[in-house]
Amino acid sequence: MASALCYTGMKGSDNGDCMITTITGTLTGRERVTRVCKYFVRRVLFPIGVLCPFAYFFPKIAIFYLACGAYDVSRNTGLNLSTLRRYFIGNGFGTWLLSPFNTLLDLLSLPYTNKGVYRLEDLPPSYREEVERLITIANDQNLVAKLEERAKEFPRTMIFFRWYGINVDTIVDIPAFHEPWKYIQTIGVSVFNKKVSTSKHFGYLRASLRVLYNLNAMKDRSAYITVGDKTSYWSENKLFIFDDTLLHESVNDTNQTRYCLFVDIVRPTPFPAFMRGVISVVRLLTQSFKFVYYNNWKILERQ
């Protein structure tokens, strides 16, 4: 069975992804009770005790949110009842709350329609140039060798060099990561130890796109990322770009450690300064209110 492992994140710190790290193990009696209680609260008490009264007392707002949520969740390919449940009363609830604002961001991005999953050539030329330059820098730095000693201690590790447009002092000094970037907002390395995966989850905000690049050679198709009904295997495709407000999960079921460059770029739009402004506001809010986005990761920072 799966058991949850939680680690506290960086101060003021992915984009609201509420995830569970799963490894093979047996739940204790207390863990079973906790899981049943959480299930009951999420599936029964929350809909009956919160959503239904809200819809009764504020019907116009409820209809508005239902319409925005219906549009938002319909963007997921392979849509089914499980996805709907996760979105409306599961770990996608925060994404639903932000669905009106995300819909506005969709409109402000036109004529760049959201493809959900992107190829590099789908990005505007100036975006592609920055992504390609960053990948070249990362490959030249031999990051795997520099990080493996510390990263092997934990199931999932994150190392940030840049966080929502601000440089971070971290355990490995890569000056090129701290140069001015026009579109790249976050630069990190995501490390999954062997036999470690996330649950299916949604990100919160569509002001950026997630860029992942596999830094080490994975040997088989047991390490992959799935977004909706699309699966990309790291042994076959090292680069993957997607909208992380779609339902997704990352899996490493191999006996290797998986290292991925973890990058957020400003979403293609006629108004890139506005998107950068949204990202800056998110950074300020997470710092001010001490929200911890990566609470299931071990964040490696310079001591």
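## Digging into the pairing of strand β8 (residues 208–214)
The two faces of the sheet receive side chains in turn, since in a regular strand these alternate between them. Of all seven residues that make up β8, seven are buried, and the element is covered over most of its length. Neither face of β8 is exposed, since Ser 208, Arg 210, Leu 212 and Asn 214 on one face and Leu 209, Val 211 and Tyr 213 on the opposite face are all buried. Pairing between β8 and strand β13 (residues 258–266): seven bridges, direction antiparallel. Among the inter-strand pairings, Arg 210 is bridged to a residue of β13, identified as Asp 264. When β8 meets strand β11 (residues 239–242), the two strands line up antiparallel, connected through four bridges. Across the sheet, Leu 212 pairs through a bridge with Phe 240, a residue of β11.

## Concerning helix α6 (residues 125–140)
Taking 1.5 Å per residue as the helical rise, α6 with its 16 residues ought to reach 22 Å, and the 23 Å between its terminal C-alpha atoms agrees with that figure. Among the residues making up α6, those that are buried are Tyr 127, Glu 130, Val 131, Leu 134, Ile 135, Ile 137 and Ala 138. For α6, the arc enclosing every buried residue in end-on projection is 160°, short of the 170-degree limit, so these residues lie on one face. Turned more than 90 degrees from where α6 packs its buried face, Pro 125 and Asp 140 sit exposed. Directly beyond the C-terminal end of α6, a positive phi value near 50° is found at Asn 142.

## What about a nonpolar patch on the surface?
A cluster of nonpolar residues, Leu 97, Leu 98, Phe 101, Leu 104, Leu 107, Leu 110, Phe 271 and Phe 274, forms a patch on the protein surface that exposes about 700 Å² of accessible area. At three residues, helix α5 (residues 99–109) tops the list of elements feeding residues into the nonpolar patch. Note on placement: Leu 107 falls in helix α5. When its relative accessible area of 56% is taken as the criterion, Leu 107 is described as exposed.

## What about the pattern of salt bridges?
The full count for this structure, using the stated rule, is 16 salt bridges. Of the charged contacts in the structure, one is a salt bridge between Arg 75 and Asp 72, with a shortest N-O distance of 3.4 Å. There is no split in this pair, since Arg 75 and Asp 72 are both buried. Note that Asp 243 and Arg 75 form a salt bridge whose closest N and O atoms lie 2.1 Å from each other. Placement of the pair is Asp 243 in the loop between β11 and β12 (248–252) and Arg 75 in the loop between α2 (59–74) and α3 (81–89), with a sequence separation of 168 residues.

## Section: the packing of α2 against α3
Between α2 and α3, whose axes approach to 11 Å, the crossing angle comes to 135°. In terms of their interaxial angle, α2 and α3 are classed as oblique. In the crossing of α2 with α3, the sense of the turn from one axis to the other is right-handed. Between α2 and α3, the contacting residues are Gly 69, Ala 70, Asp 72 and Val 73 on the first element and Thr 83, Leu 84, Tyr 87 and Phe 88 on the second.

## What to know about the pairing of β11
Across two bridges, the pairing between strand β3 (residues 117–118) and β11 is antiparallel. If you follow Val 117 over to β11, its bridge partner there is Phe 242.

## Side note on the confidence of the model for the chain
Counting all residues, the mean pLDDT for the chain is 85, and 86% of those residues have values of 70 or more. Model confidence for the chain, summarised as mean pLDDT per element, is weakest for strand β1 (residues 2–5) at 32 and strongest for β11 at 98. Here residues 1–24 is modelled with pLDDT under 50, and outside its nearest four sequence neighbours on either side it reaches 103 contacts, counting other chains as well.

## Some remarks on the packing of aromatic side chains
A full pass over the atoms with the stated rule returns 14 aromatic pairs. On the numbers, 5.2 Å between centres and 40° between planes, the contact of Phe 54 with Phe 58 is tilted. Both rings, one in Phe 160 and one in Phe 262, keep their centres 6.4 Å apart while their planes meet at 80°; by these two values the pair is edge-to-face. In this pair, Phe 160 is assigned in strand β4 (residues 156–163) and Phe 262 in strand β13, connecting sequence segments 102 residues apart. Note on accessibility: Phe 160 and Phe 262 belong to one class, buried. Members of the aromatic cluster, each reached through a chain of ring pairs, are Tyr 87, Phe 88, Phe 93, Trp 96 and Phe 202. Positioned over the ring face of Phe 192 is Arg 258, at 4.1 Å from the centre of the ring.

## A short note on the nonpolar core
With 60 residues, the main nonpolar core has Leu 143, Phe 177 and Leu 261 as its most contacted residues. Residue contributions to this core peak at seven residues, all from β13.

## A few points about unusual backbone geometry
The omega torsion across Leu 110 and Pro 111 is 15°, close enough to zero to call that bond cis. Here Pro 111 shows up in the loop between α5 and β3. Positive phi values are uncommon outside glycine, yet Asn 142 reaches one of about 50°. With respect to the element layout, Asn 142 can be found in the loop between α6 and α7 (143–151). The backbone of Tyr 164 shows a phi angle near 50°, a positive value even though the residue is not glycine. By the secondary structure assignment, Tyr 164 is in the loop between β4 and β5 (166–167).

Reading the values: rules and limits
- Residues numbered from 1 in each chain as written.
- Predicted model: local features only at pLDDT ≥ 70, side-chain atom pairs only at ≥ 80, totals over all residues.
- Heavy atoms only, no water.
- Buried < 20%, exposed > 50% of the residue type's maximum accessible area, 1.4 Å probe, protein only.
- Helix = DSSP H or I, 4+ residues; strand = E, 2+ residues; numbered from the N terminus.
- Pairing = 2+ DSSP bridges.
- Expected span 1.5 Å × (residues − 1).
- Arc of directions from axis to C-beta.
- Patch = residues over 30% accessible without salt bridge, like charges linked within 9 Å, V, L, I, M, F, W, Y side chains within 5 Å.
- Areas by Shrake-Rupley, 256 points an atom, 1.4 Å probe, with all protein chains shown as cover.
- Salt bridge = Lys/Arg side-chain N within 4 Å of Asp/Glu carboxyl O.
- Axes fitted to C-alpha atoms, helices over the stretch in contact; angles between N-to-C directions.
- Parallel < 35°, antiparallel > 145°, perpendicular 65-115°, else oblique.
- Left-handed = near helix turned anticlockwise from the far one by under 90°.
- Contact = heavy atoms within 4.5 Å.
- pLDDT = per-residue confidence, 0-100.
- Phe/Tyr/Trp six-rings, centres within 6.5 Å; stacked < 30°, edge-to-face > 60°.
- Lys NZ or Arg CZ within 6 Å of the ring centre and 35° of its normal.
- Core = buried A, V, L, I, M, F, W, Y, C linked by side-chain atoms within 4.5 Å.

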